[in-house]
Structures are given as structure tokens and as C-alpha cells.
Amino acid sequence: MALYYCNKCGQALLWDAQLAGRQTRCPCGQVVEVPAYEPRAVGQSGAPVKSRGFGALVLIVLALFLVGFVLLPLLGVLMYYRAEIFQYFGGQ
């Protein structure tokens, strides 16, 4: 089951292969063009399946930023002062 939407009222309309590429009327009276190809699939509830968008990409970029600009410099400072840190915490 695939749906497309009226541009005027936003009502969900059922896509039909026999009407693909043609114009039809929405119950509100607006002339609506039926998509030539079947619109994306809908989920079990009838709502359109949502894509991830940029959420995953943003998380990856933030993780790379955290590693590159926070953890690596901190690790470099710790390695540079490792002898002093070791002695401070009771090492020999």
C-alpha cells in the first residue's frame, strides 16, 4: 500500500498504478498529479516509513571530532608527562 498526499489539504491518497502519471481530484477539490512511480512504502501503522536522515551522520561526525580533537591530544599530554604522573601517584 503506497500513499501520496494532496498539496492543498495534506490528505493521504491511495496510489493506483492505473492512474500513475495522470491527474485526479482530491476530496477537497484540488487537482493532484498521481506520481508516475509507486511512492515509498508505508509501515504497518499506515504512516510513511521514516528515513534516518542525517542523525546517524551527525553522530559519526561528533564521534570523530571527539576522538580527533579531545582524546588524542589528551593521550599525547599524558604520554609526554607519563614519568611525572607515574611518580606523583607513588611510582618509582
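Notes on the structure in this doc start here. Along each chain, numbering runs from 1 in the same order as the chain's sequence is written. Under the rules for a predicted model, residues below a pLDDT of 70 receive no local features and side-chain atom pairs below 80 are neither given nor counted, while totals for whole chains, interfaces and linings still include all residues. Only hydrogens and water are set aside; all other atoms, that is, all heavy atoms of the structure, feed into the side-chain values.

### Observations concerning the environment of Cys6
Then step 1. Put simply, DSSP marks the helices as runs of H or I at least four residues long and the strands as runs of E at least two long, and each gets a number from the N terminus on. By the secondary structure assignment, Cys6 is in the loop between strand S1 (3–5) and strand S2 (12–14).
Then step 2. Along the sequence, Cys6 and Pro27 sit 21 residues apart, while their C-alpha atoms lie 9.3 Å from each other.
Then step 3. The contact criterion used is simple: two residues touch if any of their non-hydrogen atoms lie within 4.5 Å. Not counting chain neighbours up to four residues away, the residues in contact with Cys6 comprise Gln11, Leu13, Cys26, Cys28, Gln30 and Val32.

### So, the packing of aromatic side chains
Then step 1. Under the pairing criterion, centres of Phe, Tyr and Trp rings, with the six-membered ring standing for Trp, must be within 6.5 Å; the plane angle then separates stacked pairs below 30 degrees from edge-to-face pairs above 60, leaving the rest tilted. Inspection of the entire model under this criterion finds 3 aromatic pairs.
Then step 2. Pairing Phe65 with Phe69 gives two aromatic rings, centres 5.2 Å apart and planes at 35°, and the pair type is tilted. Separated by 4 residues within a single helix, Phe65 and Phe69 lie in helix H1 (residues 55–80), roughly one turn from each other.
Then step 3. Only protein chains enter the calculation, and the probe is 1.4 Å; a residue is then buried if its accessible area is under 20% of its type maximum, exposed if over 50%, and partly exposed in between. The exposure class assigned to Phe65 is partly exposed, which follows from its relative accessible area of 47%.
Then step 4. Residue classification places Phe69 among the exposed positions, given a relative accessible area of 61%.
Then step 5. Seen from their ring centres, Tyr80 and Tyr81 are 4.7 Å apart, and the 85° between their planes marks the pair as edge-to-face.

Structural measurements only, silent on function.
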